[in-house]
Amino acid sequence: MFAVTITQAFELPRFDGSGAVTAQHLPTPAEIGRLLSPRNAPKPPENLVAAAQRLAACEVMEQEAMVKRLAAEWLPAARTLSEEAPKDEIYAASEVVRAAVGAGLLPLGSLEDFLVQHGYAEQASVECDLREGVADEGPCALVLRARGSEDLREIEAGLAALPECEKRLLGPLPRLLAVRHMMALLDEPMGDEISGEALSTADLVLARRDLTSLERAFGHEAMMSAMIDTEPYAAVRHACLALLGAQSFAGLELRTELSVQLLDALTAAEMPDHLDAAITAMRDLADELSGEMRINLCMRLSSACLELGRRGNAVRFLLAAADTARHLPGSDFHRAELHARVQAARLFLDMSLPDRCAATCRTVVRRVEKSLEHAWAGWEYAVESLVMLVICEGAALHDAPRIPSPVDGSGLPSRERLATLVSHTRRTIERAPTAMGERARFWAVYLDDRYATLLAMNGDMRAAQRFARAAIRGWDALGEDGHRHRLSVDYACMLAESGQVEKARELVTHEIGWLARQEADDSHLVSLLASWD
């Protein structure tokens, strides 16, 4: 079909297939950066063969608009192709005609007419039967059905029938079916037997010298997915090879998907220097994107930054995703914006930046309140943001009582302002959508939990203990043993600080028993008991 064309952004270190893939078989961080650079965009197709390959890539990515544009652009060349043209050009032209029919640019039956014109009348008849749903179990029908199938049994039936009819059909069918077989096997549930067969088949297919760049790229992509959990270095290598193979045909969407998969593989392989280089290069890639693709890439880059402990960079990607989603219509993008902003607020809180956390939380609450159409989609994000505002106010009350409140800056933090904010948060929880009743119960208990800690931090032990007891009962009712254990220990410390040491010791001893049943470390609680002696 098509010639293999791979633009070498770097020379991938050789690996002869023996033994395990190690770091020395992989690109350097600098080479990873060059591989992921947006400058590696493909050039427009120069001939029918290249156009058909680009069409195949766009169809895989379900880029209907691009398929229609390419089919329209290359249809004149396909329809005027000489009957004496090489077989690979005739096949490429048939794929352009097939895409044009699918895009509504040509009437049904145009592909069959093209095949008849170029001497493939039998295939034209079978294609017509398949299009009209006519049952046909002849060898030509089995092969042509397998060519477009993802069903393993259909593909294996087509492979079995291929020797009988290959010469009467157009296209590089042995290779096409071999690739289909590889992909179908790799999509099967990965038991040991299937896994071994799939990877052996993939090795054989990827060793072929006649693969197109498209087939080679998707083969390596499938291998990466199959190996990422068990052989992460090999997965990184396959992800790099997929990107190398894609450079001659892949549009922005596919290059982005393959880049994200390389990011996943580098994360799994625990290669921080390579991951850092990938993030830097993909930051430039994100600047070329818009809409949902930009949102998804920014969210993934944020996660990668967290893997490296770079919370500041992670926040910047989250806010970029939120700002992109804010200008797109629909409840899905509304939720995407709120989700990114709430994640950013959490990081600001972890970074001890209460002003930035509070500002982000206020934006979330405003967005939920103003978006009446999608208010149901934002209720929980608003609740979590209000809880974080409670935490910011309580921490400010303890740490810097003379500094204006981070919540709105209109006055000094005070217990009254904190109580008012808690009441507002509680009312918002109570207005939960009907389907969110269980989440409302969780947030009501969590609010009591956090409020108890903040009250204790600010010296109101009596009220703190009251809310702590209520929250402990709530965690018990919800079956949240981890939260109950954590708060029970905090409650014991409140009791000890109030002079009720024996009661505190009894409670901590009970929690040590719970940790023992979980086979968890209890040394910190043993030390706590010793401190009360």
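Only a predicted model underlies this, so the values are computations on that prediction, with no experimental measurement involved.

What counts, and where the lines are drawn
- The numbering scheme is per chain: residues are counted from 1 as the chain's sequence reads.
- Where totals are concerned, whole chains, interfaces and linings use all residues; where local detail is concerned, this predicted model gives features only for residues with pLDDT of at least 70, and gives and counts side-chain atom pairs only at 80 or more.
- The basis for every side-chain value is the complete set of non-hydrogen atoms in the structure, without hydrogens or water.
- Angles shown run from 0 to 180 degrees and are taken between the N-to-C directions of axes, each axis being a line fitted to C-alpha atoms and, for helices, limited to the stretch in contact.
- Each helix corresponds to a stretch of at least 4 residues labelled H or I by DSSP, and each strand to a stretch of at least 2 residues labelled E; elements are numbered beginning at the N terminus.
- Angle categories: roughly parallel below 35 degrees, roughly antiparallel above 145, roughly perpendicular from 65 to 115, and oblique for all the rest.
- With the far helix as reference, a near helix turned anticlockwise by less than a right angle produces a left-handed crossing, and one turned clockwise produces a right-handed crossing.
- Between two residues, a contact is recorded if the distance between any of their heavy atoms is within 4.5 Å.
- Partly exposed describes any residue whose relative accessible area lies between the buried limit of under 20% and the exposed limit of over 50%, with all areas from a 1.4 Å probe on protein chains only and scaled to the type maximum.
- The directions from the helix axis to the C-beta atoms are what the arc is built from.
- We call a set of buried residues a nonpolar core when its members are Ala, Val, Leu, Ile, Met, Phe, Trp, Tyr or Cys and they connect through side-chain atoms within 4.5 Å of each other.
- Amino acids outside the nonpolar list (Ala, Val, Leu, Ile, Met, Phe, Trp, Tyr, Cys, Pro) and the charged list (Asp, Glu, Lys, Arg) are all regarded as polar, and Gly is one of them.

Engineer: What is the right way to read the packing of helix 21 (residues 437-457) against helix 23 (residues 481-497) from this model?
Structural biologist: When two helices pack together, their arrangement is captured by the angle between the axes and the distance separating the axes. For the pair helix 21 and helix 23, interaxial distance at closest approach is 11 Å and the crossing angle is 25°. As the angle between them shows, helix 21 and helix 23 are arranged roughly parallel. The two elements helix 21 and helix 23 meet at a crossing, and its hand is left-handed. Contacts between helix 21 and helix 23 pair F442, Y446, D449, R450, A452, T453 and A456 from the former with H483, R486, L487, D490 and M494 from the latter.

Engineer: What is the right way to read the side chain of R341 from this model?
Structural biologist: If you trace the backbone, R341 turns up in helix 17 (residues 331-350). Residue classification places R341 among the buried residues on the basis of a relative accessible area of 7%.

Engineer: Explain helix 25 (residues 523-531) to me, please; I cannot follow it from the model alone.
Structural biologist: Because the α-helix completes a turn every 3.6 residues, residues three or four places apart line up on one side. Residues of helix 25 that are buried include every one of L525, L528 and L529, and no others. Projected down its long axis, helix 25 shows its buried positions confined to an angular sector of 100°, all on one face.

Engineer: Just checking my understanding: could you explain unusual backbone geometry for this structure?
Structural biologist: Among all residues save glycine, negative phi is the norm, and among peptide bonds the norm is trans. Of note in this structure, E270 is not a glycine but carries a positive phi near 55°. Its location among the elements puts E270 in the loop between helix 13 (252-268) and helix 14 (272-288).

Engineer: Hey, could you run me through the nonpolar core in this one?
Structural biologist: Nonpolar side chains tend toward joint burial in soluble globular proteins. Of all hydrophobic cores here, the largest spans 136 residues; its most connected members are V236 and L262. Tallying contributions element by element places helix 19 (residues 375-399) first for this core, with 11 residues. Apart from residues no more than four positions distant in its own chain, V236 is found in contact with L26, L262, A265, L266, A269 and M271. A52, V97, L106 and A141 belong to the second-largest nonpolar core, a separate cluster that totals 44 residues.

Engineer: Would you mind going over the packing of helix 2 (residues 48-60) against helix 11 (residues 213-227) with me for this structure?
Structural biologist: One way to put it is that helix 2 packs onto helix 11 with a least axis distance of 9 Å and a crossing angle of 35°. Residue-level contacts link Q53, A56, A57 and V60 of helix 2 to S213, L214 and F218 of helix 11. Looking at the contact of helix 2 with helix 11 residue by residue, the classes come out as 5 nonpolar, 2 polar and no charged.

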